[in-house]
Amino acid sequence: MDDIGTDSAHAYWNAWNQDLYGAGPGSVDAYNYSPAFAQLLYPVTLLSWPVFLVVWSALLVTALVWLMWPLPHSWRWPVLLYVIPPAVAIGNIEPLLAVVAVLGFRCPCLWAFPLLTKVVPGVGVLWFVVRREWRHAAWAVGATLGVLTLSFVADPGLWFAWGQFLLASSDTHIRYLPLWIRLPVAVGLTVWGALRARPTTLAVAMMFAMPLWSSGVLLMLTAVPRLSRLRGPETASRPQR
């Protein structure tokens, strides 16, 4: 039980108790995301670690239950019992990114979340570009730039520090296929899915686009049950001209 959440959740909670980007890439409690996410979480990090862990775990569990609910009853609970324990043990944001993959079709502003955390899973914004849904693309990009601007004005130095941190991360040991191989696959899947109006491919594309791979990236596939039920002009119509 002492190890629950220590992989990622503790890094989020502990971000402001240290030099935000002082811990090297891949080290214990290293904070990897943009300053904007840390600033958003700051009020919750004032809670004690056990309370923060309960709140964060409840958020992840709620996201997974919502994502998996469209499954047939005979599959729903076995799948949830399979995915929830490792998701809570890791405490990473993958379930929340899966929620964005679903709700981002109706609320493009949500794409600011992946773009300002893991960055490359924001490849999903290409869906709107391929389908010439310019208003949706503009909302996604505009929301990201708006949050970035407010965060930068609050503390410009943190953004320069994050840039240096990302450059240092390029030397991090890769256990699986490197991003320069996976990213073209992610882009190709997004483009193909947009042209064919098959939103389920977006979950797979975002999985391939994760900056670092581990078993946790498979949690992106929890978006598939909801994505497979999407209907409407955003996904079913032909690309706009």
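Refer to the structure printed above.
Please read all numbers here as calculations on a predicted model, not as lab measurements.

**Q** Let's hear about the overall build of the protein chain: which residues, and what values?
**A** A count of helical and extended segments in the protein chain gives 13 helices and 0 strands. Radius of gyration (C-alpha) of the protein chain: 18 Å, near the 18 Å computed for a compact globule of 241 residues. Along the first, second and third principal axes, the C-alpha set of the protein chain runs to 50 × 45 × 35 Å. When each of the 241 residues of the protein chain is scored for burial, the buried share is 46%. Within the protein chain, residue pairs in contact and separated by at least 24 positions form 71% of the contacts whose partners lie at least 6 positions apart. Of the roughly 12300 Å² that the protein chain leaves accessible, carbon and sulfur atoms contribute 68%. A distance of 25 Å separates the average location of the 15 positive side-chain charges in the protein chain from that of its 10 negative side-chain charges.

**Q** Break down the side chain of Thr-144 for me, citing the residues and quoting the values.
**A** Along the chain, Thr-144 falls in helix H8 (residues 134–154). Those residues in contact with Thr-144, other than ones at most four positions away along the chain, are Trp-111, Ala-112, Leu-115 and Leu-116.

**Q** Break down helix H5 (residues 94–103) for me, with residues and values.
**A** Burial within H5 is extensive, with 9 of its 10 residues counted as buried. Taken as a whole, H5 has its buried residues at Glu-94, Pro-95, Leu-96, Leu-97, Ala-98, Val-99, Val-100, Ala-101 and Val-102. Taken together, the buried residues of H5 touch helix H3 (49–68), helix H4 (73–90), helix H6 (112–115), helix H11 (200–208) and helix H12 (224–227).

**Q** Describe the nonpolar core, with residues and values.
**A** Grouped together as the largest cluster of nonpolar side chains are 53 residues, with contacts concentrated most on Tyr-12, Tyr-31, Phe-37, Trp-56 and Trp-111. Listing elements by their share of this core, those giving two or more residues are helix H1 (9–14), helix H2 (35–45), H3, H5, helix H7 (126–130), H8, helix H9 (156–169) and H11. Apart from residues no more than four positions distant in its own chain, Tyr-12 is found in contact with Tyr-33, Phe-37, Leu-41, Thr-45, Phe-52, Trp-56, Gly-91, Asn-92 and Ile-93. One finds Met-68, Leu-80, Ile-84 and Leu-219 within the second-largest nonpolar core, a separate group that totals 9 residues.

**Q** Before we move on, can you summarise a nonpolar patch on the surface with the specific residues and values?
**A** Nonpolar side chains collect at one region of the surface, where Leu-126, Val-129, Trp-134 and Val-187 lie side by side and expose about 320 Å² of accessible area between them. The topology assignment puts Val-129 in helix H7.

**Q** I'd love a proper account of H9, names of residues and values included.
**A** In this model, H9 (14 residues) spans 20 Å end to end at C-alpha, consistent with the 20 Å of a helix rising 1.5 Å per residue. Every buried residue belonging to H9 is among Leu-158, Trp-159, Trp-162 and Phe-165, and all of these are buried. The arc that holds the buried residues of H9, viewed along the axis, is 115°, so those residues lie on one side. Across from the buried face of H9, at angles greater than 90 degrees, the exposed residues are Phe-160, Gln-164 and Leu-167.

**Q** Can you lay out unusual backbone geometry for me, pointing to particular residues and giving the numbers?
**A** Positive phi, close to 65°, is recorded for Asp-29, a residue that is not glycine. Looking at where Asp-29 falls in the secondary structure, it is placed in the loop between H1 and H2. Phi is positive for Arg-132, close to 55°, though the residue is something other than glycine. Following the sequence through the fold, Arg-132 ends up in the loop between H7 and H8. Owing to a relative accessible area of 33%, Arg-132 belongs among the partly exposed residues under this scheme.

The rules behind these values
Residues numbered from 1 in each chain as written. Predicted model: local features only at pLDDT ≥ 70, side-chain atom pairs only at ≥ 80, totals over all residues. Heavy atoms only, no water. Helix = DSSP H or I, 4+ residues; strand = E, 2+ residues; numbered from the N terminus. Rg over C-alpha atoms; globule rule 2.2 N^0.38 Å. Buried < 20%, exposed > 50% of the residue type's maximum accessible area, 1.4 Å probe, protein only. Contact = heavy atoms within 4.5 Å. Areas by Shrake-Rupley, 256 points an atom, 1.4 Å probe, with all protein chains shown as cover. Lys, Arg positive; Asp, Glu negative; His and termini not counted. Charge placed at Lys NZ, Arg CZ, Asp CG, Glu CD. Core = buried A, V, L, I, M, F, W, Y, C linked by side-chain atoms within 4.5 Å. Patch = residues over 30% accessible without salt bridge, like charges linked within 9 Å, V, L, I, M, F, W, Y side chains within 5 Å. Salt bridge = Lys/Arg side-chain N within 4 Å of Asp/Glu carboxyl O. Expected span 1.5 Å × (residues − 1). Arc of directions from axis to C-beta.

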